[in-house]
Protein chains: 2
Amino acid sequence: MPSKQIPDIVVGRLPVYLRALSHLAAEGIQVTSSHELGKRLGISAAQIRKDLSHFGEFGKQGTGYNVGYLRDQLKRILKVDREWPVVLIGVGDLGRALAHYGGFVDRGFRIVALFDNDSNKVGQRIGELEIMSMETLADVVRERSIQVAMIAVPAAHAQKVAEQCMAAGIKAILNYAPITLSLPDGTLVQHIDPVTHLQRMTHYL
Amino acid sequence: MPSKQIPDIVVGRLPVYLRALSHLAAEGIQVTSSHELGKRLGISAAQIRKDLSHFGEFGKQGTGYNVGYLRDQLKRILKVDREWPVVLIGVGDLGRALAHYGGFVDRGFRIVALFDNDSNKVGQRIGELEIMSMETLADVVRERSIQVAMIAVPAAHAQKVAEQCMAAGIKAILNYAPITLSLPDGTLVQHIDPVTHLQRMTHYL
DNA sequence: TAGATTGTTAATCGATTAACAATC
DNA sequence: TAGATTGTTAATCGATTAACAATC
């Protein structure tokens, strides 16, 4: 029986399960078990079963899980059984790399618009997309009902840009600027700062 | 009294505290409190005090914390009161962006060598660095006693490259490939996969 | 001093693990 | 059937919070 309240930490592990299942499927593996999956991911089998049990029953006793089926169920649960349009704000080196990255589309996301506040960049094309002025952000977001933004601007501009996003109707922000954004409680924000990841390891060296 | 066993989850928050303290210092703020810091970071004041108490006593009752002093203590604890040489493997769009990124140096890291298995890229320069052949990885790592690697190669090559890193003597890996690496227990690995971060949010949309 | 804030303890809360009946 | 593995419960483990004496 799926429980009503699902811990964030459980939801946070599902994308990792999904990624592993997609790889298994790509390898042609059709059935797996909580033990096999756990071994691959460095997670206990009990935890995987417990996590999944929040959302339903996906396996068979004695057999395990059908890889394709479980993958599809996780896509549904995470709502990536569709394609989310995403705006990318900040087209420096990192923004360009993200704009070129081909790994978003088959995992549920597509960058559909690029923005930068540098008038020299506005009008340039990257692939099929033209870099647009920040002044047009709100209109684009509203017209296309976009809910997800990636922010790849310098730290000094990130807070302001995040607020512009919220004002435009963006609901989820992936922030690449090395700064903690101050946004209303309940706002969906994820941070990617490579240096904090490196610093998490050096303590142990 | 600092306790002997410090939870990973506590160490994981210290880089975020450090980043905030560095920003406070840059703003010219000299003193802060666990409440102020917690408000900025969306973390409870009690948790910040508890986390810090694992490592010593850094504050003054009635006053709070000296920003510069606490920042320096966190740098020491995280061992980023020095400059770690880092190798970057994989010079595609993302690798190039990382190679150009100026934000590593003043936070404890410097990319000192670039590697790629594409012979067309080997010999090219990016800034002051020349892209080197993967065959020279082990020699460079050993000669310069490098312990940290960033991997920005396609998913299909990441596992093999990670093993080459381990064999060469690398102790900590920051992996940008969208795959969970299988490495010996206790190996220091951090993953950055923007799609998993996005997928953590869409469930709630 | 009076007010504020630390460091720490104890209580609470939540997450992980172990174990096992159910069953494929 | 015999062996294997699920989903779930209860026990354990660990992390967070609340509270407060100490003290700047």
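Nothing here was measured: the structure is a model prediction, and the numbers come from that model. (Residues numbered from 1 in each chain as written. Chains lettered and ligands numbered in written order. Predicted model: local features only at pLDDT ≥ 70, side-chain atom pairs only at ≥ 80, totals over all residues. Heavy atoms only, no water.)

K.L.:
Which residues make up the sheet that holds strand β1 (residues 31-32) of chain B, and what are the values?
P.N.:
Residue and element names in this part refer to chain B. Spatial strand order, β1-β3-β2: three strands in an open sheet with antiparallel pairing. Edge strands, defined here as strands with exactly one partner in the open sheet, are β1 and β2 (59-60). Here β1 pairs with strand β3 (residues 64-66) via two bridges, running antiparallel. Bridge pairing in β3 places Thr32 opposite Tyr65. (Pairing = 2+ DSSP bridges. Helix = DSSP H or I, 4+ residues; strand = E, 2+ residues; numbered from the N terminus.)

K.L.:
Lay out the interface of chain A and chain B with the relevant residues and their values.
P.N.:
Tallying the contact residues gives 55 residues for chain A and 55 residues for chain B. When the area that chain A buries against chain B is broken down by residue, the three leading residues are A:Gln199, A:Met201 and A:Leu205, summing to 13%. The tally of links between chain A and chain B comes to four salt bridges. One salt bridge connects A:Arg19 with B:Asp193, and the closest N-O pair in it is separated by 2.9 Å. Between the two partners, chain A and chain B, sit 24 residue pairs in polar contact (both at pLDDT 80 or more). Among the elements of the structure, α1 (8-26), α2 (34-41), α4 (67-78), α5 (93-100), β8 (148-151), β9 (172-175), β10 (188-191) and α8 (194-202) of chain A are those that each provide at least two residues to the side of chain A that touches chain B. Per element, the largest residue contribution to the side of chain A that touches chain B is nine residues, and it comes from α8(A). For the side of chain A that touches chain B, the residue count by class is 32 nonpolar, 14 polar and nine charged. (Contact = heavy atoms within 4.5 Å. Buried area = accessible area lost by both parts, 1.4 Å probe. Salt bridge = Lys/Arg side-chain N within 4 Å of Asp/Glu carboxyl O. Polar contact = N/O pair within 3.5 Å; in protein donor to acceptor, adjacent residues only side chain to side chain. Nonpolar A, V, L, I, M, F, W, Y, C, P; charged D, E, K, R; others polar.)

K.L.:
How would you explain the domain arrangement of chain A if you had to name every residue and give the values?
P.N.:
A common way to express how large an interface is: the accessible area buried when the components associate. Split into domains, chain A comes out as domain 1 (3-76) and domain 2 (84-198). With centres defined by C-alpha atoms, the gap from domain 1 of chain A to domain 2 of chain A works out at 30 Å. (Domains from an automatic or database assignment.)

K.L.:
How would you summarise the packing of helix α1 (residues 8-26) of chain B against helix α2 (residues 34-41) of chain B if you had to cite specific residues and measurements?
P.N.:
All names here are of chain B. Running from N to C, α1 and α2 point in directions that differ by 105°, and their axes come no closer than 11 Å. Accordingly, the angle class assigned to the pair α1 and α2 is roughly perpendicular. Side by side, α1 and α2 meet where Val16, Tyr17, Ala20, Leu21, His23 and Leu24 of the first sit next to Leu37, Arg40 and Leu41 of the second. The class makeup of the residues in the contact of α1 with α2 is seven nonpolar, one polar and one charged. (Axes fitted to C-alpha atoms, helices over the stretch in contact; angles between N-to-C directions. Parallel < 35°, antiparallel > 145°, perpendicular 65-115°, else oblique.)

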